[in-house]
Amino acid sequence: MSHTDRRKKRLPLSFSLLYALPVFAAGAPVFAQAATATSPAVESTTPTSTPAKKVTAKKVAGKPATTSSAKTIQQARGTGSSAGGTETVEVTGSYLRQGRNTSPNPVQIITSREIQQTGVTNVGDFLQRMPSIGSSGQGNADTNGGAGVGCTDLRNLGSSRVLVLVDGKRMTQTGMSGGSCVDMNTIPVMAIQSIEILKDGGSELYGADAVSGVINIKMRHNINTGGVNLRGDITQRGDNKTGLISAYKGFNFDHDRGNITVMGQYDTVGGVMMKDRAWSRNPQTTDSLNPAFGSVISTSGAFFDPNTGAALYNSNNAGGLSPYSKSSRYNYNNDTSLLTNTQNASLMGDAHYDFNKHFTLYSNVMYSHKTSWTQMAPMPATGSVAPSSLPSAIMIPADYPGNTSGEELQMYRRMGEFGNRKSESAVDSLTAKVGASGEIIAGWMYDASFTYGSTMSTFQTSGVGDYNKLLREWGLDAINPGDSNSDLMYNPNSCVGYAGCVQSSALSTLSPEAAKYANYTEHDHSQYTMRDFNARIHNDKVVKMPYKGGGNLGIALGMEHRGEQMSYHPDPLIAQGGSLTNTVLPTGGGFNVSEAYLEGNLTLLHNVPFAKNLSIDGQGRYSSYNTFGSTYNWKAGINWAPTRDVAFRGTLGTSFRQPSVSELYGGTLMSYNGANDPCDMTQITSYGGRQAAVMANCLKQGVNPASFQQAGSGQVATLNGGNSKLQPEVGRTYTFGATFTPHWIPGLSTSASFWHYRVSNTISALSTQYVLDGCYTGSSPTMCQNINRLSNGQINTVSALNANLGALTTSGVDWDLSYRFRVSEADWFMVENNFQRLVSYKQQAVPGGEHYNYLGSITYQAQGTSNPTVRDYASLTWHHNNFSVTYMMQYISGMHWNDGTYTIYKSDGYGRVKTPAMVLQDLTFNYKLKRWNFQFEIQNLTDKQPPFLVNAASNSSDSTYGGWYAGRSFLLQAGMDF
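All of these numbers come straight from a predicted model, not from anything done at the bench.

Draft legend 1. Expanded view of the sheet that holds strand S35 (residues 669-674). Taken in spatial order, the four strands of this open sheet run S35-S36-S41-S40, and their pairing is mixed. A strand with exactly one partner marks an edge of an open sheet, and here the two such strands are S35 and strand S40 (787-789). Across the sheet, the mean angle from the axis of one strand to that of its neighbour is 30°, orientation sign disregarded. Running at roughly 80° to S40, helix H14 (residues 768-776) makes contact with S35, strand S36 (715-720), S40 and strand S41 (795-799) of the sheet.

Draft legend 2. Quick look at helix H13 (residues 691-700). Where H13 is concerned, the buried positions are Val694, Asn697 and Cys698. Angular distribution of buried residues about the axis of H13 spans 100°; they occupy a single face of the element. Residues Ala692 and Lys700 are exposed on H13 and point more than 90 degrees away from its buried face. Summarising the contacts, the buried residues of H13 are in contact with H14. Just past H13, the residue glycine 702 takes up positive phi, approximately 80°.

Draft legend 3. A look at empty space enclosed by the protein. By the definition in use, this model includes 12 cavities of 30 Å³ or more. Here the second largest cavity is characterised by a volume of approximately 160 Å³. Lining the second largest cavity are 19 residues, and of these Ile133, Gly134, Asn156, Ser866 and Arg871 lie nearest its centre. Tallying contributions element by element places strand S44 (residues 827-844) first for the lining of the second largest cavity, with three residues. Considered class by class, the residues forming the lining of the second largest cavity number seven nonpolar, 10 polar and two charged.

Draft legend 4. Representation of the state of the cysteines. Taken as a whole and assessed by the stated rule, the structure comprises four disulfides. Bridging cysteine 151 to cysteine 181, the disulfide has an S-S length of 2.0 Å. As the torsion about the S-S bond is roughly -60°, the cysteine 151-cysteine 181 disulfide counts as left-handed. Taken together, the residues cysteine 151 in the loop between helix H7 (123-127) and strand S6 (162-166) and cysteine 181 in strand S9 (residues 180-181) connect sequence positions 30 residues apart. By relative accessible area, which is 9% here, cysteine 151 ends up buried. When its relative accessible area of 5% is taken as the criterion, cysteine 181 is described as buried. A disulfide bridge connects cysteine 495 with cysteine 501, and the sulfur atoms are separated by 1.8 Å. An S-S torsion of about -50° defines the bridge between cysteine 495 and cysteine 501 as left-handed. Given a relative accessible area of 9%, cysteine 495 falls into the buried group. Residue cysteine 501 is classed as buried on the basis of its relative accessible area, which comes to 13%. For the chain, numbering the cysteines in disulfides from first to last along the sequence yields the connectivity 1-2, 3-4, 5-6, 7-8.

Draft legend 5. Molecular detail of the packing of aromatic side chains. In total, this model carries 26 aromatic pairs according to the counting rule given. With a centroid separation of 5.1 Å and 40° between ring planes, the pair formed by phenylalanine 355 and phenylalanine 359 is classed as tilted. Judged by relative accessible area, phenylalanine 355 falls into the partly exposed class, the value being 23%. Accessibility expressed as a relative area gives 32% for phenylalanine 359, which makes it partly exposed. With centroids separated by 6.3 Å and ring planes inclined at 35°, the aromatic side chains of tyrosine 734 and phenylalanine 754 adopt a geometry described as tilted. Here phenylalanine 754 lies in strand S38 (residues 748-760) and tyrosine 734 lies in strand S37 (residues 729-740), a separation of 20 residues in the sequence. We classify tyrosine 734 as partly exposed; its relative accessible area is 32%. Taken together, the ring pairs connect Phe253, Tyr353, Phe355 and Phe359 into an aromatic cluster. When the ring centre of tryptophan 373 is taken as reference, the NZ or CZ atom of lysine 422 above it lies at 4.7 Å.

About the thresholds
Residues numbered from 1 in each chain as written. Predicted model: local features only at pLDDT ≥ 70, side-chain atom pairs only at ≥ 80, totals over all residues. Heavy atoms only, no water. Pairing = 2+ DSSP bridges. Helix = DSSP H or I, 4+ residues; strand = E, 2+ residues; numbered from the N terminus. Axes fitted to C-alpha atoms, helices over the stretch in contact; angles between N-to-C directions. Contact = heavy atoms within 4.5 Å. Buried < 20%, exposed > 50% of the residue type's maximum accessible area, 1.4 Å probe, protein only. Arc of directions from axis to C-beta. 1 Å grid on protein atoms, 1.4 Å probe; cavity = no way out; pocket = protein on both sides within 12 Å on 5 of 7 lines; lining within 4 Å. Points joined across faces, edges and corners; volume = space filled by probe spheres on them. Nonpolar A, V, L, I, M, F, W, Y, C, P; charged D, E, K, R; others polar. Disulfide = S-S within 2.5 Å. Phe/Tyr/Trp six-rings, centres within 6.5 Å; stacked < 30°, edge-to-face > 60°. Lys NZ or Arg CZ within 6 Å of the ring centre and 35° of its normal.

Next up, the structure:
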């Protein structure tokens, strides 16, 4: 008996319904908070930019099942076909089910098989292989402030401009001091059924943050089988040990009218230290012909002339001074992580019950607990930054014991006595959904739900030091207390009256007792909360056109009300600027928005000569924000298939993005961004024809580039933070392309698309190097007001708060191919390829300013992005009965280095100026034995190391080449179905 027949009989409720109560109860607190609403749930997936996957009733989540148990009520309603037998599906980018290859939206579909054959542990690492994924996101190779969070990015437009959905619903974000995003590390990779990437603007249908597109992660549901999977991974060097265990079990009940599915996963990644890779062992901090390595700030201290900024002395750590030597530079990579250590435990519960065709109740709860830790070298003591009232520079008085120079000296000292900094995070994330769906009447369907999300995070960093206590132990008192510009005087009795304080010398190593008194461990907390009401009605066949060859008109309309709040509470000592680490101010705020949306799809012609399908699609969304008022966005699309073999499509749409909570209300924080002081004696030689202007401007500010040395070792203290006066971004996107599926070549599908984005009034912060270069080259003299130097010439801070900058435009071509062919009864092959050719990438740093061309370039300092001209990801699979082999290849073309404004050349005095083309290769072997499946994989087959890049950290670019960081690795996996 079919699922539909069972609904018509309306069987009485069974006591088996009680089995569903635990999962529904998990959603009860959500139900109590509001009524219902939902964003679109995406069912079957037929891609427009990748080959269609065959949909059958005998395959659910990759597991065999009976027809009756494989269908939910939503699936049963969606199996109808339009005239001519064309399969209708619903894919991300539309709320309406349409015929195969008749959607105008470019959508890439990635199956669970493709994900699992790579052996990745988190979704972000897999997506980084895709050519459309940009480099401005964040991953496990970001060990300096990354907090183990994985943020993705589409088209290099930034993680704030891509919307990440789980089963078509919004997911809660992770709040950090500098921003927020959906943490891809919290999504259990083994529970994923497929990923759909809408590579086109989606603000008209999904909301403001879908500027660059939508990544919809579809989880496995409605399973009546079970399975267990075990995985282990280790590099050939014996580190980055990775383990994963996952299990799932589904239960149908009450004659298959209901289902409960439970999934769990635990995974751990061991991490890698920089000292354990030859290419990252010695950090290069400048790129001149005479490069510098490591940091001038060593555990013996560096003492500078306060007038010229020249390094004169080191301490002998025994109470005296010795002449400064380059050999005393500190190699901080000996103590720094290259890859983050993470552990994640995830649990997902899913349930639905079909009361009748008018009412299906469903609920889904996803919870994860993630911990991570990363290590950095001991904290430097360099002074304070605003808003601290403590001394901004550590000045050693001329009469200080052991100061034999006879003059006042400025000291920078790395506090090795405090131990290495260990940053740990613990994140609890919950997303819960409850809703109802069904048929209203005459083909009109409804779907209404409420989603509640909450993320609570705790961050801890040891070894950050208490600046005030440290000065007290060193016997240094401010001459004018409360004035950050005050000089210091020597007080031999400064510890009197302070329990635990040990009188010490700044020219000696602290005793364990003294270090214990002055050390400090910070504790920060954040919370992100989301409430999303969504209700929709739709009908795929409202009316049929009254002429021969006319098709159907489909309509979807709905409303959404969403509220988001974020708070970040730094440690009180950190907020006061009382530690040696970055100053961070609290963040608190939120917004709410009410929206209405409408979509219409009209098939003008169907199954007539020269028009197998001709359809138009229109989408519109009206949004009313409590912060910025109202706006309207629209999108129009057309699809024309003259024959069944080829289809042409195009879209044109607008976008609007309001500033995020962190962009608006984020507290000011100090971070050490990758940048070089133009006045440094080695850096000034790299400015070529601009060198004379830089020399003159440095001298005007009392800095002599002939002898001045930057103390920051390729990093500059930069003040970032929110700006409540920000205005929204606006944009326009268009795409056009074609899909080719020749019926005379079974199994072949290929598509090509041209895409173009333009975003105006972009919300971002100027790069530190841009501010410095704008000031000292004279190209933007107003930038000088954002630079604060100490009396000795060293940069104290650069201010780069969020602002509405200029426009960003980018365009390119995508080409996707899939071909499956059989060569014998036992052998068949699958070839898949995703290719991107970037045509342009231009950014305007300030409104009305110059457009900088970043095509084919990579910003060589930390926090930079890359824009390779060509990216490609290909795989070739050979199946022989139960055995298969898959070869995977990721390609990134070579890039010229860019300092944030200009492409650099060796003629300007640089040592290296480009990275070569890179290829990453993996090889996977699979064998299926009855209910068991075994997988062995060699990742980074040739043990290729990442290309060199000066970023004062890993000597490469973690956001671009992180997949090469671990080196050759070996993976073994075993799974069983039951």
